[in-house]
4 protein chains.
Amino acid sequence: MPVFLITNDDGYFSPGIQALREELKKLGRVVTVAPDRNLSGVGHSLTFNMPLRIRRVDEDFWTVIGGTPADCVHLGYYVILEGKKPDLVCSGINEGPNLGEDITYSGTVSGAMEGRILGIPSVAFSAFGRDEVDFRSVAQVCKEVVLKVLQYGMPEDTYLNVNIPNLPPDEIRGFMFTRQGKRAYKEKVLRLLDPQRRPLYWITAEEFGWELEEGTDYWAVYHGYVSITPLQLDLTNHRALRSLQERWRV
Amino acid sequence: MPVFLITNDDGYFSPGIQALREELKKLGRVVTVAPDRNLSGVGHSLTFNMPLRIRRVDEDFWTVIGGTPADCVHLGYYVILEGKKPDLVCSGINEGPNLGEDITYSGTVSGAMEGRILGIPSVAFSAFGRDEVDFRSVAQVCKEVVLKVLQYGMPEDTYLNVNIPNLPPDEIRGFMFTRQGKRAYKEKVLRLLDPQRRPLYWITAEEFGWELEEGTDYWAVYHGYVSITPLQLDLTNHRALRSLQERWRV
Amino acid sequence: MPVFLITNDDGYFSPGIQALREELKKLGRVVTVAPDRNLSGVGHSLTFNMPLRIRRVDEDFWTVIGGTPADCVHLGYYVILEGKKPDLVCSGINEGPNLGEDITYSGTVSGAMEGRILGIPSVAFSAFGRDEVDFRSVAQVCKEVVLKVLQYGMPEDTYLNVNIPNLPPDEIRGFMFTRQGKRAYKEKVLRLLDPQRRPLYWITAEEFGWELEEGTDYWAVYHGYVSITPLQLDLTNHRALRSLQERWRV
Amino acid sequence: MPVFLITNDDGYFSPGIQALREELKKLGRVVTVAPDRNLSGVGHSLTFNMPLRIRRVDEDFWTVIGGTPADCVHLGYYVILEGKKPDLVCSGINEGPNLGEDITYSGTVSGAMEGRILGIPSVAFSAFGRDEVDFRSVAQVCKEVVLKVLQYGMPEDTYLNVNIPNLPPDEIRGFMFTRQGKRAYKEKVLRLLDPQRRPLYWITAEEFGWELEEGTDYWAVYHGYVSITPLQLDLTNHRALRSLQERWRV
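Residues numbered from 1 in each chain as written. Chains lettered and ligands numbered in written order. Predicted model: local features only at pLDDT ≥ 70, side-chain atom pairs only at ≥ 80, totals over all residues. Heavy atoms only, no water.

> Just to check I follow, could you spell out the side chain of Arg116(A) for this structure?
By secondary structure assignment, the location of Arg116(A) is in helix α3 (residues 107-117). In this structure, Arg116(A) is in contact with Pro121(A), Ser122(A), Met154(A), Pro155(A), Asp157(A), Thr158(A), Tyr159(A) and Leu233(A), ignoring residues within four places of it in sequence. (Helix = DSSP H or I, 4+ residues; strand = E, 2+ residues; numbered from the N terminus. Contact = heavy atoms within 4.5 Å.)

> Any chance you could explain the interface of chain A and chain B here in plain terms?
Quoted interface sizes are often the accessible area lost when the parts come together. Tallying the contact residues gives 77 residues for chain A and 77 residues for chain B. Carbon and sulfur atoms make up 65% of the area that chain A and chain B hide from each other, which totals about 7,000 Å². Taken together, the connections running from chain A to chain B amount to four salt bridges. Asp194(B) is the salt-bridge partner of Arg53(A), the closest N and O atoms lying 2.9 Å from each other. Residues that form the side of chain A that touches chain B fall into these classes: 41 nonpolar, 20 polar and 16 charged. (Buried area = accessible area lost by both parts, 1.4 Å probe. Salt bridge = Lys/Arg side-chain N within 4 Å of Asp/Glu carboxyl O. Nonpolar A, V, L, I, M, F, W, Y, C, P; charged D, E, K, R; others polar.)

> I would appreciate a short explanation of the UniProt feature "binding site: a divalent metal cation" (unreviewed entry) in chain A in the present structure.
Residue and element names in this part refer to chain A. According to UniProt, the feature "binding site: a divalent metal cation" (unreviewed entry) maps to Asp9, Asp10, Ser40 and Asn94 in the numbering used here. Here Asp9 shows up in the loop between β1 (3-7) and α1 (15-24). On the basis of relative accessibility, which here comes to 3%, the residue Asp9 falls in the buried class. Within the structure, Asp9 has its side chain in polar contact with the side chain of Thr108 (distance 3.2 Å). On the secondary structure map, Asp10 appears in the loop between β1 and α1. A relative accessible area of 10% means that Asp10 is categorised as buried. (UniProt positions renumbered as here; feature names shortened; annotations may be inferred. Buried < 20%, exposed > 50% of the residue type's maximum accessible area, 1.4 Å probe, protein only. Polar contact = N/O pair within 3.5 Å; in protein donor to acceptor, adjacent residues only side chain to side chain.)

> Please explain the pattern of salt bridges as it appears in this structure.
Pairing is possible between side chains of opposite charge, provided their charged atoms come close. Throughout the structure, instances matching the rule amount to 48 salt bridges over all chains. Residue Asp194(B) pairs with Arg198(B) through a salt bridge whose shortest N-O separation is 2.9 Å. Assessed through its relative accessible area of 2%, Asp194(B) is described here as buried. Notably, a salt bridge pairs Asp60(D) with Arg29(D), separated by 2.9 Å at the nearest N-O pair. Within this pair, whereas Asp60(D) is found in the loop between β3 (53-58) and β4 (61-65), its partner Arg29(D) is found in strand β2 (residues 29-35), the two being separated by 31 residues in sequence. We classify Asp60(D) as buried; its relative accessible area is 18%. When its relative accessible area of 32% is taken as the criterion, Arg29(D) is described as partly exposed. Taken together, the shared-partner salt bridges connect Arg21(A), Glu22(A) and Lys25(A) into one network.

> Explain the sheet that holds strand β1 (residues 3-7) of chain D here, please?
Residue and element names in this part refer to chain D. With respect to topology, nine strands assemble into an open sheet ordered β3-β4-β2-β1-β5-β6-β7-β11-β8, the strand pairing being mixed. In the strand order of this sheet, the two ends are held by β3 and β8 (175-177), each with one partner. Across the sheet, the axes of successive neighbouring strands diverge by a mean angle of 25°, strand direction being ignored. Relative to strand β11 (residues 226-232), strand β7 (residues 158-165) runs antiparallel, the two sharing six bridges. Along β11, the bridge assignment pairs Tyr159 with Leu231. Its contacts with the sheet place helix α4 (residues 135-152) against β1, β5 (88-95), β6 (122-128), β7, β8 and β11, and it is angled at close to 155° to β5. (Pairing = 2+ DSSP bridges. Axes fitted to C-alpha atoms, helices over the stretch in contact; angles between N-to-C directions.)

> Help me out: how do you make sense of empty space enclosed by the protein in this one?
One way to see where empty space is left: roll a probe the size of a water molecule over the atoms. Throughout the structure, instances matching the rule amount to three cavities of 30 Å³ or more. For the second largest cavity, the lining is made up of 17 residues, of which Thr104(A), Met113(A), His44(B), Thr104(B) and Met113(B) are closest to its centre. Mapped by element, the contributors of at least two residues to the lining of the second largest cavity are α3 of chain A together with α3 (107-117) of chain B. Looking at the lining of the second largest cavity, its residues break down into eight nonpolar, nine polar and no charged. (1 Å grid on protein atoms, 1.4 Å probe; cavity = no way out; pocket = protein on both sides within 12 Å on 5 of 7 lines; lining within 4 Å. Points joined across faces, edges and corners; volume = space filled by probe spheres on them.)

> For this particular structure, what's the right way to read the interface of chain A and chain D?
The interface is formed by 13 residues belonging to chain A together with 13 residues belonging to chain D. A combined buried area of about 1,000 Å² lies between chain A and chain D, and 71% of that area is made up of carbon and sulfur atoms. When the buried area of chain A at its contact with chain D is split by residue, Met50(A), Pro195(A) and Trp202(A) rank highest and sum to 44% of it. At the boundary of chain A and chain D, one finds zero salt bridges. For the pair chain A and chain D, the interface holds two residue pairs in polar contact (both at pLDDT 80 or more). Within the residue set of the side of chain A that touches chain D, elements represented by two or more residues are β9 (187-193) and β10 (199-205) of chain A.

> I would appreciate a short explanation of the packing of aromatic side chains in the present structure.
Two descriptors summarise a pair of aromatic rings, namely the distance from one centre to the other and the angle between the planes of the rings. Inspection of the entire model under this criterion finds 40 aromatic pairs over all chains. With centroids separated by 5.7 Å and ring planes inclined at 50°, the aromatic side chains of Tyr218(C) and Tyr222(C) adopt a geometry described as tilted. Of this pair, Tyr218(C) and Tyr222(C) both sit in helix α5 (residues 217-222), separated by four residues, roughly a single helical turn. For Tyr218(C), a relative accessible area of 13% gives the class buried. Joined through ring pairs, the aromatic side chains of Phe128(A), Trp210(A), Tyr218(A) and Tyr222(A) make up one cluster. (Phe/Tyr/Trp six-rings, centres within 6.5 Å; stacked < 30°, edge-to-face > 60°.)

> I keep staring at the relation of the copies chain A and chain B and nothing clicks. Help me out?
There are two copies of the chain, and a rotation about an axis plus a shift along that axis relates them. Once chain A is rotated about the relating axis by 180° and shifted along it by 0.0 Å, it coincides with chain B to within an RMSD of 0.0 Å. Viewed as a symmetry operation, the transformation between the two copies matches a two-fold axis. (Least-squares fit on C-alpha atoms with pLDDT ≥ 70 in both.)

> What is the right way to look at the sheet that holds strand β3 (residues 53-58) of chain A in this model?
By definition, the strands of a sheet pair up through backbone hydrogen bonds, in either a parallel or an antiparallel sense. Residue and element names in this part refer to chain A. The strand order across the open sheet formed by nine strands is β3-β4-β2-β1-β5-β6-β7-β11-β8, and the pairing between neighbours is mixed. Strands with a single pairing partner mark the edges of an open sheet, and in this sheet they are β3 and β8 (175-177). On average, adjacent strands in this sheet sit at an angle of 25° to one another, irrespective of strand direction. Across the sheet, α1 lies against β1, β2 (29-35), β3, β4 (61-65), β5 (88-95) and β6 (122-128), angled at about 140° from β5, the strand it touches most. Across the sheet, helix α2 (residues 69-80) touches β1, β2, β3, β4 and β5, and the angle it forms with β2 is around 135°.

> Would you mind going over the pairing of β4(A) with me for this structure?
For a regular strand, side chains alternate in direction, first toward one face of the sheet and then toward the other. Residue and element names in this part refer to chain A. Where β2 meets β4, four bridges bridge the pair, whose relative direction is parallel. Within the sheet, the bridge partner assigned to Pro35 lies in β4 and is Val64. Turn length for the β3-β4 hairpin, with the two strands adjacent in sequence and antiparallel, is two residues, and the turn residue Asp60 shows positive phi of about 55°.

> Before we go on, may I ask you to explain the relation of the copies chain A and chain D in this structure?
Mapping chain A onto chain D calls for a screw motion: a turn of 180° about the axis and a shift of 0.0 Å along it, with 0.0 Å RMSD after fitting. Taken as a fraction of all interface residues of chain A, those also at the interface in chain D reach 100%, which identifies the copy contact as same-surface.

> How should I be thinking about the pairing of strand β9 (residues 187-193) of chain C in this particular structure?
Residue and element names in this part refer to chain C. The pairing of β9 with strand β10 (residues 199-205) spans seven bridges and is classified as antiparallel. Residue pairing in the sheet places Val189 in a bridge with Ile203 of β10. Hairpin remark: β9 followed by β10, antiparallel, with five residues in the connecting loop; positive phi at Arg197, about 65°.

So, in structure tokens, the structure goes:
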């Protein structure tokens, strides 16, 4: 029976992780270790400077007080599972998509990234769509992705970023492997005044969106497909590496 | 005269950013926007859910209360520079290296990443070495890197992760373009007891280190070179993308 | 039908506030507004420098993201109840006592203090006892205190700090009005080393305890009584005021 | 030569604490231990649940990372001074007054409160006035108060809350011992919308102010006096204690 270690960045109480937990229990043992608060946008962050507390929520269900998604995967593996590798780390289901360069800010993706760093096959799940997310239905799609991963295995040094359209199951057009797309939104900083009329600045966007280019994560979910983007830990731009060596002549 | 926007993750009061600021002032206008506290290990995180306050520290010197390095670059560009692109974003100088997969946790690197996302050439600077860092001497090396970038330009979609050995200038053996290396350290979680004898867990490592493979960032600094790793925003594993399409037959 | 506004400092998910909520529902409408995380030891703190978000948990049940107990009472009154005064503010049930000078650190007491500042009769509830707290049984005692307050009213400028022994109902010896006692514990600061062998300091105590003086809050709970201490907002030491005027001759 | 332990709630870098430090150095040894960030409105809060780090800023000058004013006094006494009692704890100079019931929210006052709990004579200093505070001039008044305290001593169980008008020295009309006044301001909660048009709530006031009653802290500073309010740790409402015993017949 496979063992799943799951986390998220919305907090252990969020409906997204609860739906995922219920669905994966049909396939094996599910050990849940999640933050005790909403940490959306936390990026990949590991707590080295302070010790952490773990609190039991329920059977095989734990929360790390003040912990990040990466902390939760780390402590889930080393403390709760006592260093025994789970078959899969799953992070999510995030309420909202993780597409394009925005994944570098994503706490959900960072949970899967930490799993990969620890040498465990890992998948991040996010729901795409404007309306309220039907997590139960999205979780069923997650389960299908998980079954495929268990069947075919994960390429070396790879983890998956999966975005699932928030659509009725019969309207989803299938899986599509994609590459990371690009932000097309115009950032904006709103200036507002606090009650004492001192300025405050709010980082936001005209309208969030991505370039609609074929083969990208955004193209897939926009057209009703489940987008599966294989990611790697190596951030090196190998092409630039060669061109810089020539230009700088070092 | 070039305009530099600089930030860091150790806080505006840290000696590393002050040394960088003094050195770059010899080349142009330096606008400093840095966090008001130490945020090491914060990862790439942008504050969307709350407005932020900016406090003036000195001439062309600002701090963002509770802001991350990415917030500082974002607000530096849109608010302080009023949307006029600086010639270069510099992040650092970090006290300690940013090597291998650890760069995904790095607040210093995330400052440069945000610069790149905003379409500005960007460089992250970190100091490598066990002893106390001589930031003035390291900052002189930073200035030389900056001069090269201004002279030769930055390849498209690239930002640089620079690690500088903490050595006397005449012992540094030159620049070396490198690829991202790999962690070789054995993680460890320490279990300790709080004064009420409840357990706490501390994420740490046996000894921090990386694989000593030729061509990597660690190899370079270990041998006394300044390591310059060109990074990209695209995390897609393109090789895995093709192999997965075949295996899953989707 | 009376309206109760309840909060706590352990977070909206804690069993103490849930037991209180269930019990008070038998007497009237219960509007719960509580922090989204554990804030024990937060003291009396009101968030003036940033706006706050309110999230609905359930019918008449809300949480303030990042909010303190005082914030919750403030927003419960002005936003959720739209400025209509509830009949009583209740804060708790805290897991652990709030006795002696320690009440000045107490987030639980600060929730009642804020109710009093807003002109609403207010009570803080805490459970005393080493073993695991039986909140259902403690909540029944809270209900009896609430009934008395509704019947006899609250003296002007007064709020109540109630500590309830964690005992089976038939072992509780009754109500006792008390004065604030005094800490008798010897503070201690533990010095420990982090994994990099840098010092850390932990504020704690040899053994927590208070002076066993008749008429005090501690004396009452120690002997099995429900301690009810009437508190005031005025911290002036009126006796010292007179003696200082004479001594300094101002 | 007297030893002073000083702290504040605005952070170690604030001009208020620096002016106080400089002025008190004329009288004795000044050991400064202050938070590493602005903690206004933190209330009386002591960090029991996590260990704390102390960082050296300068000679006899320290900051506690993430620490509250009470933590700073506690660690200053037990760690920096190694348990040797200083002659006086001073907290401040706060930028802005601490008057009426608002002192229960005050981090500045809580620093002095902690000193008192530890058995050390303690004074909180705040500056009153709308314009920019001239801290050097206010610090001179602080020094005069300190001299008086050293000369006449402090009544038992008392600590002082001192508010100093931000006026040229020759316009200050002298010292006045006062009692704690009362808030007269109308609280207000502003409702605003975030960029995604979700509501946020901001706790503020129509206009901050207090009742202008003779003998109160506010009356004194309003009329140009230095207000000195002796405070006590006992929050018991002794009058209500008697009346409740009669009414409830317990």
